[in-house]
Amino acid sequence: MYGSQLGLIIATLIGLGLAGVLALMGALFVANARAAVHARGLAQQARTQQRQQLADSRVQDLRPLLGAEPGDATALRLAVDLPAEAVPVFGIPSELRELLAKVAAHAARVMAAGATLQVRARIEGSQAVVHWRDLDADSERPPLARFFDALDAASLASARICERIAGRHGGRIYSAPDDGGVLGLTLRLPLYAPAVPAGSVD
């Protein structure tokens, strides 16, 4: 009698243990399946965004964008130095304009009224380079160059948006000097180069 009861208890415990293991395996299977579906959804979303970005992108000469009077920097004097040749990049014009506008807005916030904002563009190897500098700065690291260390949330958010836009276009924006001057802001983007047809010769 006692032996049969003990056997029943042991069998019950084993059954409960197996049920728990099966339940855990089922939960893991469901979680993995959901994670796989989520990952596929994210991958599809990334592909869709990439296709949309490619569809919206076109070859853009940076000079007209840089030469336009920025509405947010009307209190500043502009010294624009652009090359004679085109500075072509492949990107989304609206995003490039947004990046340039946010830099101009930052300059207007932190530079003294009437100060001169220098905007220079050049081709450097396989890159298009744009540099902003406060020509009236009285320190080696003026506020213009501290865009990415801004203390206020609005400026920091603008800086992060500029970084993301530059990154999406295969480039970067960062604080750096130019020609030995004080620190400013430098934007580097891949220079657009048309693809050479296979089998073509010089």
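Residues numbered from 1 in each chain as written. Predicted model: local features only at pLDDT ≥ 70, side-chain atom pairs only at ≥ 80, totals over all residues. Heavy atoms only, no water.

(A) View of the side chain of aspartate 134. You can see aspartate 134 is positioned in strand S5 (residues 127-134). It is arginine 133 that comes nearest to the buried, bridge-free aspartate 134 among opposite-charge side chains, at 8.4 Å. A distance of 3.0 Å separates the side chain of aspartate 134 from the backbone nitrogen of aspartate 136, its partner in a polar contact. When near neighbours in sequence (up to four residues on either side) are disregarded, aspartate 134 contacts Met111, Ala115, Thr116, Leu144 and Val182. (Helix = DSSP H or I, 4+ residues; strand = E, 2+ residues; numbered from the N terminus. Buried < 20%, exposed > 50% of the residue type's maximum accessible area, 1.4 Å probe, protein only. Lys, Arg positive; Asp, Glu negative; His and termini not counted. Salt bridge = Lys/Arg side-chain N within 4 Å of Asp/Glu carboxyl O. Polar contact = N/O pair within 3.5 Å; in protein donor to acceptor, adjacent residues only side chain to side chain. Contact = heavy atoms within 4.5 Å.)

(B) Here's a closer look at the sheet that holds strand S4 (residues 116-124). The five strands are arranged S2-S4-S5-S7-S6 in an open sheet whose pairing can be described as mixed. With partners counted over all chains shown, the strands left at the sheet margins are strand S2 (77-81) and strand S6 (172-176), one partner each. The average undirected angle you get between the axes of adjacent strands in this sheet is 20°. One ladder, built from six bridges, connects S5 with strand S7 (residues 184-190); its direction is antiparallel. Pairing of tryptophan 132 across the sheet is with leucine 185, part of S7. Contacting S4, S5, S6 and S7, helix H3 (residues 93-110) runs over the sheet at an angle of about 175° to S7. Strands in contact with helix H4 (residues 153-168) are S6 and S7; relative to S6, the strand with the most contacts, it is inclined by about 125°. (Pairing = 2+ DSSP bridges. Axes fitted to C-alpha atoms, helices over the stretch in contact; angles between N-to-C directions.)

(C) Just the pattern of salt bridges, in detail. In this structure the tally under the stated criterion is nine salt bridges. With its nearest N and O atoms 3.4 Å apart, the salt bridge here joins aspartate 81 to arginine 120. Linking aspartate 81 in strand S2 with arginine 120 in strand S4, this pair joins segments that are 39 residues apart in sequence. Take aspartate 81: its relative accessible area is 37%, and that puts it in the partly exposed class. Among the salt bridges present, the one from arginine 168 reaches glutamate 95, with a minimum N-O distance of 3.2 Å. Separated by 73 residues along the polypeptide, arginine 168 in helix H4 and glutamate 95 in helix H3 bring together distant segments of the chain. For glutamate 95, a relative accessible area of 16% gives the class buried. Members of the salt-bridge network, linked through shared partners, are Asp81, Arg120, Arg122, Glu124, Asp178 and Arg188.

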